[in-house]
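# Descriptive structure summary
Take a look at the letters that make up each chain.
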Amino acid sequence: MDENQTFDQDRIIKINIEEEMKTSYIDYSMSVIVARALPDVRDGFKPVHRRILYGMKGINNVSTQPYKKCARVVGEVLGKYHPHGDSSVYGALVRMGQEWNMRYTLVDGQGNFGSVDGDSPAAMRYTECRLSKMGEHVMDDLEKDTVDMVSNFDDSLTEPSVMPTKIPNLLVNGGNGIAVGMATNMPTHNLGEVVDGCCAFIDNPEIDTDGLMKYIPAPDFPTGAYIYGLQGVREAYETGRGRIMMRAKAEIESDENHDKIVITEIPYGVNKAQLIEYIADLVKEGRLEGISNANDETGRQGMRIVIDIKKDANANVILNKLFKMTALQSSFSVNNIALVPSRNDHTKLYPRLLTMRECISYFVAHRHEVTIRRTKFDLKKAQERAHILEGLIIACDNIDEVVKIIRASKTPADAQRNLEERFELDELQSKAIVDMRLSQLTGLRMDQLHAEFDELMKQIEYLQSILDDPELCKKVMKEELQEVKAKYGDDRRTQIVPDEHEFNAEDFYPNDPVVITVSHLGYIKRTPLSDFREQTRGGVGSKGAKSREQDFTEYIYPATMHQTMMFFTQKGRCYWLKCYDIPEGDKNSKGRAIQNMLNIEPDDQVTAFMRLRNKGLDDQEFVNSHYVVFATKNGLVKKTSLEAYSRPRANGVIAINITEGDEVVDVRLTNGRNELIIANRNGRAVRFNENAVRVMGRVATGVRGMRLDEGDDAVVGMVVVNKPDEESIMVVSENGYGKRSQVEEYRVTNRGAKGVKTLNITEKTGRLVAIKNVNDENDLMIINKSGITIRLAVSECRVMGRNTQGVRLINLSKKNDVIASVCKVMSSELEALAEQKSREAFAQSNEAFRNETGIAGDTVVSDDERANLPIDDENENITPIDFEETENDNQ
């Protein structure tokens, strides 16, 4: 008994439990990190992915062969290389064949491989698979000793420790995994862009992040959508960690009954079915109002999620709420952790947080090692074959003596030994001669031996030069990468949209002249001014916008793309919008409802507009020296500093206090030293100095500017007198008559007067509808309620007396038709020249942008990258013929 106790005690090893737990946990965690959860930086694969591809290659399950059951592949991998659960292997296999998860699929699947809605794939006994072309490509040259082969779990077979891939798979297809104490989440990229970045690194190993971003501007996700802002991308590329904002691709479509939001692309990783279900839950819970229905209309044409908007709701506001409350706007948290080889021992791997430059550096180093090892393998094979050919050529040149020696020998071994002694051959050469068939003794085969030997010598020289010349080796690497790009490269799917804090949107729009049109029911659009051709006075005009029967174009305003439009409603609120944000449409399109672009109350509508010069609100000197003057329907005027309106707000601000029964008719910009002319329906106008109106606050009501007649009289418009000697006053009546008069014919009076006659109102002319200050370089655009538009040169209208009925400007072809709106624009010749100068300036700026950044097309970078670009102040606007307003005139 004592002996047994002594024996048991000898077998017990006393250890520290704390140290043992620490050691065991470290061993376990390193096993998970290295052998399961994290990808290798060189080929971008975890062990399970690498074993699946190698196993498929081993059973000849390639793209040119029929599909095999996925269960067959899983069994092959489990039995030979990966002793883990079958579900993990099948899950990895399926993911490599899902187009919404992989930017470039490595497995060609057949059957139910799941869906973007989160549906699970069918069981592996039902689905089939084979390698895709790219999946085969990652194993090119595997048989040429390009990578180390290691033993499998039972030492019965070998498997590659890493794939000799020519494809930068880690960056192209990304990766994710959760290890112990760390995790990785890497986005996908465009193959062509990554290849270009790798080639740039090969040429210049010192290239920095900014240089690489010229080639790889941002990730490229398989589901498309938008990357919103580049700050997170830059941070991820520079540090290995970052947050990339993604937004769905959504458009607002309008029809006769209501608007609808159509979503065609969603952010990467978002479950479509759960997204629609969550939107429905938000509506049911009352957290999101204005949505009547949400349908998934996805089909063969692609993804299409349709969200119907209620008739009285603002589609633009609801879309922004969807971005804020749902996964339509999501973030991708980049965490670039991958396994990298140790410097001293490449067989040992350890996890490391990697920048974009480091990811490319490790891949290029891997490609260099693979290229060198492949070249050495090919060189060795070529030298061995050349050595054999040398012996065969010697034998052919001395064939008679060779035959005599072989015939005189008793055994093949004796023949080999005798040949070696006679011709100084080695064992390999002599064996090849003895094994040579008689057919090789023909003249043709002997010529082929010499030709093959010569070709081999050239090949040996070329392979040796690759090993000796680093520049040639780099050239070979780049050529192979470019071949991959040519074979598998495609266009970018994810568009890059800089947010408002990162770029100046004006850099991407030429400052062309446009016409802003607004219909009676509140539909707005911008149309290139060149779309309106000039006609002669008295013409019938051309068909304008298609609209509802009750609708017609009521306001027309000239502007340029970079200008800011200020919108004033009849209730006295002010809103802001850049001209390039106004939807573009041709003359015949209806446009987009202003209510869907601005947060306007349902019972309010825009009645006046004002455009500012480029960067007008950002110029403190400009806003402090200019004023906004209002004219209301009941004859009131109000003057307020422009500075009070220089801080745009999404919900607008109170611009003027409007009393009941009154509304804003016109709004003008002045410099504090101008004269104003206000006209009413009955054909009278009053002229007074703006100093007669004191400066008031935003919420003031104003003072009387014109005394109106009894009845339905009302103010129709207001002009600012800029250059009395060069301008004239144009008035137009509702029946298409108009005339020009000298400014001096309107005597200056005090504000609040009844004014003087500006047009002789008769039954033939109809009442006054518009008043403009014009010169011979202007054109007049007139549109009536039936949609007919005419553009005529002001110079064709002679200057006449104030107390006349004028001449016919447009023939109203339809009965009961009347003039709806009038605006002045520059003449066709000046417009063409201005547009040409604008486009030249834009082209120069765009060319400078491309030269500085190296990014072609519409790819966008942040303001930091554009900060050093040269700016041509002369080309900022379309000078010397500038389509902006003068410092006073704004309409």
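The paragraphs below set out a description of the structure included in this document.

Procedures and definitions
- Residues numbered from 1 in each chain as written.
- Predicted model: local features only at pLDDT ≥ 70, side-chain atom pairs only at ≥ 80, totals over all residues.
- Heavy atoms only, no water.
- Salt bridge = Lys/Arg side-chain N within 4 Å of Asp/Glu carboxyl O.
- Pairing = 2+ DSSP bridges.
- Helix = DSSP H or I, 4+ residues; strand = E, 2+ residues; numbered from the N terminus.
- Axes fitted to C-alpha atoms, helices over the stretch in contact; angles between N-to-C directions.
- Parallel < 35°, antiparallel > 145°, perpendicular 65-115°, else oblique.
- Left-handed = near helix turned anticlockwise from the far one by under 90°.
- Contact = heavy atoms within 4.5 Å.
- Nonpolar A, V, L, I, M, F, W, Y, C, P; charged D, E, K, R; others polar.
- Buried < 20%, exposed > 50% of the residue type's maximum accessible area, 1.4 Å probe, protein only.
- Phe/Tyr/Trp six-rings, centres within 6.5 Å; stacked < 30°, edge-to-face > 60°.

Moving on: the pattern of salt bridges. Side-chain pairing between opposite charges can occur once the charged atoms of the two side chains come close. Applying the stated rule across the entire model yields 43 salt bridges. A cluster of three or more residues bridged by salt bridges with shared partners is formed by Asp141, Arg367, Arg374 and Glu480.

Let us now look at the sheet that holds strand E36 (residues 756-757). Taken together, four strands build an open sheet; the order of strands is E33-E30-E31-E36 and the sheet is antiparallel. Strand pairing shows two members of the sheet lacking a second neighbour, strand E33 (715-721) and E36, which therefore form its edges. Strand direction decides the pairing type here: strand E30 (residues 675-680) and strand E31 (residues 684-689), joined by five bridges, are antiparallel. When the sheet's bridge partners are listed, Leu676 is paired in E31 with Phe688.

Two packed helices can be described by the angle between their axes and the distance between those axes. Two elements in contact, helix H15 (residues 412-423) and helix H16 (residues 427-434), have axes separated by 9 Å at closest approach and are oriented at 125°. Taken together, H15 and H16 sit at an angle that is classed as oblique. Of the two possible hands of crossing, H15 and H16 adopt the one that is right-handed. Residues Pro412, Ala415, Gln416, Leu419 and Glu420 of H15 pack against Glu427, Ser430, Lys431, Ile433 and Val434 of H16. In terms of residue class, the contact of H15 with H16 is built from five nonpolar, two polar and three charged.

A few words on the sheet that holds strand E3 (residues 128-131). The pairing of strands in a sheet comes from backbone hydrogen bonds and takes either a parallel or an antiparallel form. An order of E1-E3-E2 is seen for the three strands of this open sheet, with the pairing classed as antiparallel. Two strands lie at the open edges of the sheet, namely strand E1 (68-69) and strand E2 (107-110), each paired on one side alone. In this structure, E1 lies alongside E3, joined through two bridges in antiparallel fashion. Within E3, the position partnered with Lys69 by the bridge is Glu128.

Every second residue of strand E7 (residues 183-186) is oriented toward a common face, the buried set being Thr184 and Met186 and the non-buried set Ala183 and Asn185. The pairing of strand E6 (residues 175-178) with E7 spans four bridges and is antiparallel. The partner of Asn176 across the bridge, within E7, is Asn185. Between the end of E6 and the start of E7, which pair antiparallel, lie four residues, with Gly181 showing a positive phi angle near 80°.

Structurally, the position occupied by Lys587 is in the loop between strand E23 (573-578) and strand E24 (592-593). A sequence separation of 56 residues divides Lys587 from Asp531, and the C-alpha atoms of the two residues are 7.2 Å apart.

This brings us to the packing of aromatic side chains. With the rule as written, the count across this model stands at eight aromatic pairs. Here Phe630 and Tyr645 contribute two aromatic rings whose centre-to-centre distance is 6.2 Å and whose plane-to-plane angle is 50°, an arrangement assigned as tilted. With Phe630 in strand E26 (residues 627-632) and Tyr645 in the loop between strand E27 (636-641) and strand E28 (653-654), the pair connects residues that are 15 residues apart, well separated along the chain. Of the two residues, Phe630 and Tyr645, both sit in the buried class.

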